[in-house]
Amino acid sequence: MGQRVHWSGRLAFILAAAGSAIGLGNIWKFPYIAGVNGGGAFVLIYLLCIACVGLPVLISEIYIGQRTQSNAVKAFEKLSGDKKTFWSAPGYMGLISAILILSFYSVVGGWVLDFFYQSVSFQFQGKSAAEISDILGGMLGDPVRMSISHTLFMGLTVAMVYGGIKDGLERWTKILMPALLVLLVAMLVKSVSLDGFSAAISFLFSPDFSKLSPAGILEAVGHSFFTLSLGMGAMLTYGSYLNEKEDLLKTGLMIAFLDTFIALLAGVVIFSIVFSFDLEPASGPGLMFATLPGLLAQMPGGDYLSIIFFMLVLFAALSSAVSILEVAITYFSETLNKDRKKVTLGAGLVIYLMAYLPLFSFNYWKEVKVFGLNFFDLFDSTSSHYLLPIGGLMISLFMGWRLGLDDSMRVTSGNKPLALGLMWLTRVVAPIAIAVVIYQKVVA
Ligand code: PFF
């Protein structure tokens with residue numbers, strides 16, 4: 001096999017990895033779960049989870065990829081004496097999660113594209129929140145319309161990955177991520193001028209622990225995982241294209257910081273709008289697709305803000321989707337020793353077709369249930385509730401126990417106190433937190 005391609009530098013890697021981390025999880029999910037869980041106290045716990053659970057696992061994943069320069073399955077085998085062992089499991093599970101997650105992420109990506117198109121063609125103009133809710137319902141009930149947007153979203157994802165690491169992923173994330181930041185800052189500038197801005201700040205940043213339930217705490221642990229793209233080898237795969245000399249501690253910190261910063265900014269923007277209309281913050285998953293466009297339609301200049309907002313969400317979703325696809329492409333092209341471009345088209349096509357299961361679960365196959373769940377919820381729940389946390393738990397244990405102090409010392413460039421910190425976080429703190437989440441899901 002030829003020389004492994006590398007990112008052209010640290011910044012390129014940070015942008016790509018932050019692109020993976022910053023996605024629907026930040027702009028759609030974080031604000032609504034913060035809203036449902038009462039704001040400030042949830043945000044504080046979430047920050048703690050990012051620092052003590054997310055960050056150590058993030059650094060471990062990148063390290064395992066960087067050290068082995070291998071795909072998600074082979075990396076664990078290389079570090080286990082070049083053979084298949086129990087530790088091959090997180091690699092294979094990651095692969096399955098990637099396929100499952102992308103098949104429903106692409107459906108939601110299609111909704112974003114649809115909403116972007118509607119905002120560009122000013123279809124929200126003058127509509128009430130209830131009317132926009134009906135638009136959402138109408139879209140979900142129309143498989144042909146959803147199929148068009150899903151095809152476009154998946155087509156864009158495949159096209160971006162097709163060029164490879166440097167001419168595909170790196171080139172696109174270098175454009176999408178700065179653009180996303182500019183769009184979000186534009187939204188923030190508008191939010192500051194809104195009546196609801198100070199209410200949004202106090203909702204998100206003054207903790208009231210009486211509003212936080214144990215389920216909210218578990219949700220914060222789980223979300224810190226999803227939002228940093230952990231547990232399925234995405235960060236590991238990106239790390240495998242990273243030059244072996246790069247400092248991982250600073251890099252990991254930077255990625256986690258960017259991801260958190262964007263989630264908080266998205267929260268401030270969305271709640272400034274919600275509070276300007278004296279609405280309740282706990283409107284749930286419909287916050288972004290129904291509530292927000294409905295409110296923007298009633299604001300001066302709101303039509304344009306809607307365009308900016310959905311473009312921003314689209315960029316975030318695309319730069320995450322490409323990282324999910326890359327896990328499968330790196331694995332299959334290396335394992336089957338096949339041309340990367342062909343594998344990209346093949347894997348893209350398989351996932352594209354699989355996505356019809358979740359897509360039809362809103363219309364044709366509404367009544368089809370497996371384990372009591374429709375395909376959309378089944379794919380989401382199997383991956384987010386089981387595969388990602390179990391994968392993350394294994395990665396953490398692998399780093400803490402199997403690799404141990406020597407490898408933690410490599411990550412921290414020989415700084416022993418920091419290395420000990422990383423080792424104990426991956427040995428004990430992160431595994432316990434993740435195990436509690438898995439246990440709760442299994443018994444719930
Ligand atoms: N981190 C992404 C988000 O917050 O939307 C989702 C994601 C991407 C999860 C890549 C897992 C992954 F491997």
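Treat the numbers as computed from the prediction; the structure is a model and nothing was measured.

Counting its secondary structure elements, the protein chain contains 19 helices and zero strands. Against the compact-globule benchmark of 22 Å for 444 residues, the protein chain has a radius of gyration of 21 Å, which places it among compact chains. Along the longest, intermediate and shortest principal axes, the C-alpha atoms of the protein chain span 65 × 50 × 45 Å. Counting over 444 residues, the protein chain shows a buried share of 60%. Within the protein chain, residue pairs in contact and separated by at least 24 positions form 82% of the contacts whose partners lie at least 6 positions apart. As displayed, the protein chain offers around 17100 Å² of accessible surface, 67% of which is attributable to carbon and sulfur atoms. Here the protein chain carries 28 positive and 27 negative side-chain charges, and the mean point of each set is 10 Å from the other.

Turning our attention to the pattern of salt bridges. Under the definition given, this model contains seven salt bridges. Arginine 4 serves as the salt-bridge partner of glutamate 334, at 2.6 Å between the closest nitrogen and oxygen. Of this pair, glutamate 334 sits in helix H14 (residues 302-335) while arginine 4 is found in the segment before helix H1 (10-21), placing the two residues 330 residues apart along the sequence. Across the pair glutamate 77 and lysine 84 runs a salt bridge whose closest N-O atoms are separated by 3.1 Å. Under the relative-accessibility criterion, glutamate 77 is labelled buried at 11%.

Let us now look at the layout of surface pockets. Quantified by volume, the largest pocket comes out at close to 840 Å³. Considering the residues around the largest pocket, the lining is formed by 34 residues, among which Lys29, Tyr32, Glu219, Asp380 and His385 are closest to the centre. Looking at the lining of the largest pocket, the elements with two or more residues in it are helix H2 (24-36), helix H5 (89-120), helix H6 (129-140), helix H10 (214-227), helix H13 (286-296), helix H17 (375-403) and helix H19 (416-443). Examining the composition of the lining of the largest pocket, we find that eight residues originate from one element, H10, more than from any other. Its residues assigned to classes, the lining of the largest pocket shows 23 nonpolar, six polar and five charged.

So, on to the site of the ligand. In the vicinity of the ligand, 15 residues are found, and the nearest of them are Ala21, Gly25, Tyr105, Phe226 and Ser229. Asparagine 26 places a polar side-chain atom, nitrogen or oxygen, 3.4 Å from an oxygen atom of the ligand. A distance of 2.7 Å separates an oxygen atom of the ligand from a polar side-chain atom of tyrosine 105. For the ligand, whose free accessible area comes to 340 Å², the fraction covered by protein is 100%. Placement of the ligand is best described as lying within the largest cavity. The set of elements that each furnish at least two residues to the shell around the ligand consists of H1, H2, H10 and H14. Class assignment of the residues belonging to the shell around the ligand gives a composition of seven nonpolar, eight polar and no charged.

Criteria and cut-off values
Residues numbered from 1 in each chain as written. Predicted model: local features only at pLDDT ≥ 70, side-chain atom pairs only at ≥ 80, totals over all residues. Heavy atoms only, no water. Helix = DSSP H or I, 4+ residues; strand = E, 2+ residues; numbered from the N terminus. Rg over C-alpha atoms; globule rule 2.2 N^0.38 Å. Buried < 20%, exposed > 50% of the residue type's maximum accessible area, 1.4 Å probe, protein only. Contact = heavy atoms within 4.5 Å. Areas by Shrake-Rupley, 256 points an atom, 1.4 Å probe, with all protein chains shown as cover. Lys, Arg positive; Asp, Glu negative; His and termini not counted. Charge placed at Lys NZ, Arg CZ, Asp CG, Glu CD. Salt bridge = Lys/Arg side-chain N within 4 Å of Asp/Glu carboxyl O. 1 Å grid on protein atoms, 1.4 Å probe; cavity = no way out; pocket = protein on both sides within 12 Å on 5 of 7 lines; lining within 4 Å. Points joined across faces, edges and corners; volume = space filled by probe spheres on them. Nonpolar A, V, L, I, M, F, W, Y, C, P; charged D, E, K, R; others polar. Near = heavy atom within 4 Å. Polar contact = N/O pair within 3.5 Å; in protein donor to acceptor, adjacent residues only side chain to side chain. Sits in = over half its atoms within 2 Å of the grid points.

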